[in-house]
Amino acid sequence: MLVLVDGSTAWRVVPWIRRLLAPAGGDARLLLVLPPARAVTAAGRTIVFADQQEQSERLAAHFFLSGFVSRLCGEGLAASAEVRFGKPAAATLEAARDWGADAIAVVDSPARGWRRWFTRTVVDEILNHSPVPVLVTRASGQRAA
Amino acid sequence: MPIKTLMRSPSGVVEATESLAIATRRLASEPDGCLLVRNRGRVVGVLTMADVRAAGPSTIPTLAAYESPSLTAHLTVADALRGEGVVVPLNAAAADVARALRTRQQRAALVADGADVVGVVTTEDLLSALTERLERDSPPRLARLLVAVSPSPTVGGGRGTRTVLDIGLEIGRRHGATVTLLHVMRRLSPRIAEGLPVGGDSDVQRWRLAGARASLARLVPTGIETTVRTAVRAGEVVDAVLAVAAETLADLIVMGGRRGSALVRETICRARCPVLAV
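Cut-offs applied
Residues numbered from 1 in each chain as written. Chains lettered and ligands numbered in written order. Predicted model: local features only at pLDDT ≥ 70, side-chain atom pairs only at ≥ 80, totals over all residues. Contact = placed C-beta atoms within 7 Å. Helix = DSSP H or I, 4+ residues; strand = E, 2+ residues; numbered from the N terminus. Nonpolar A, V, L, I, M, F, W, Y, C, P; charged D, E, K, R; others polar. Pairing = 2+ DSSP bridges. pLDDT = per-residue confidence, 0-100. Axes fitted to C-alpha atoms, helices over the stretch in contact; angles between N-to-C directions.

A.B. asks: Could you clarify how one ought to interpret the interface of chain B and chain A in this entry?
C.D. replies: Much of the literature gives interface size as the accessible area that the parts lose upon coming together. With 20 residues of chain B in contact, the opposing surface of chain A contributes 21 residues. Broken down by secondary-structure element, the contributors of at least two residues to the side of chain B that touches chain A are helix H8 (161–175), helix H12 (262–270) and strand S11 (275–277) of chain B. Taken together, the residues of the side of chain B that touches chain A break down into 13 nonpolar, two polar and five charged. Judged from the three bridges that link them, strand S7 (residues 134–138) of chain A and S11(B) form a sheet pairing that is antiparallel. Pairing of Val136(A) across the sheet is with Val275(B), part of S11(B).

Shown next, in the form of structure tokens:
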């Protein structure tokens, strides 16, 4: 199962993944998608190149995910982490295809009121285009695992 | 388990003589959920939201009516503390801290390294550690599943009933869960679905209901180990799915149909448990 996480909602979905997979066994891959890094320039000179910036962000993201991975591994699940750069929905679908995921898990933070009918979220895009089942948990208003 | 792996390090400090109302506002924005309480330059305890609630006006309106706001407004942080704080060394075991908190009826302990306070351990921290330990011994399972199916052939690009059912039953089998198969009939009278008398076309509606129940029962494979229940409801699909999910205390809703459809989206938005869109 490919699990799309971000910094603020990872704690919401990971317990459900644990609950879903722990009795049945299975692999979980936590995916964090970051916006493409940009080079840092000052006075016309490049101080940090984009690939260097991406590398440092990748290391920080892996460090963040390592806590969840070790917790899942500690419970007998085969867990791993992956960091990609780009648009979250497209990167998730690509990662699911590359990894051969049987399902994708995401956390939904829906817009409130009338906005939710007019705004497309990452979850909408994944739901519409995913070739595999999608498990959706909400960021709020839902009981914990 | 050493307590230093569980403790948090609050940075907020409040004076014991400070107004409880002001401290409560600070506490609400405190990321660690607690404040160290200082009296005459010495840390004497920990203030948590539970302490504030216990000291403040009653949350029951009929009782709160008898509490004078002018009196509760004069409460200080010291009034909310439950006696002298529990202080434990950095290398104390979690079990010892839990025992000390229980004996002294406190909700948080100060962790000290020599003369310095280096952290705080609350009953919530101990409970989460206990939960992890218990769940490691017996992993939590999904106990109840709701699988929304349609016995008629799916149209409009949806995944077939068999796929939704197969996935739902497979999850149910692996978790040893009770699976409820739900079919919602939009044009069926709710009174018929509940077995109540209705008007002229009641025979037709009863015939449709019986047909739907029989079709649903036929979907359940014979000889499976999982407990499977079937239910037919009348009305709007989303409302019915959510109502049955609430009745059965479902841990997971498995839904078929077109994944990005308004039905699936609305269910995801309103469900009290995760939804697996197949």
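Don't stop here, the text continues.
A.B. asks: Any chance you could explain the confidence of the model for chain A here in plain terms?
C.D. replies: Keep in mind that low pLDDT regions are not for reading the predicted coordinates in detail. Summing up the model confidence of chain A, the mean pLDDT is 84 and the portion of residues at 70 or higher is 91%. The weakest mean pLDDT in chain A belongs to helix H4 (residues 115–118) of chain A at 56; the strongest belongs to helix H3 (residues 88–99) of chain A at 94.

A.B. asks: How should I be thinking about the sheet that holds strand S5 (residues 108–113) of chain B in this particular structure?
C.D. replies: One key point about sheets: their strands pair by backbone hydrogen bonds, in either a parallel or an antiparallel sense. Residues and elements named next belong to chain B. Strand order in the open sheet made by the three strands is S4-S5-S6, with mixed pairing throughout. The open sheet terminates on both sides in strands that have one partner only, identified here as strand S4 (86–89) and strand S6 (116–122). In this sheet, neighbouring strand axes are inclined to one another by 35° on average, regardless of whether the strands run parallel or antiparallel. As paired elements, S5 and S6 share six bridges and run antiparallel to each other.

A.B. asks: Could you clarify how one ought to interpret the sheet that holds strand S2 (residues 34–39) of chain B in this entry?
C.D. replies: Residue and element names in this part refer to chain B. In space, the three strands of this open sheet follow the order S1-S2-S3, with mixed pairing throughout. Each of the sheet's edge strands pairs with one partner strand only, and the pair in question is strand S1 (13–15) and strand S3 (42–48). Averaged over all pairs of adjacent strands, the angle between strand axes in this sheet comes to 40°, irrespective of strand direction. As paired elements, S1 and S2 share three bridges and run parallel to each other. Among the inter-strand pairings, Val-13 is bridged to a residue of S2, identified as Leu-36.

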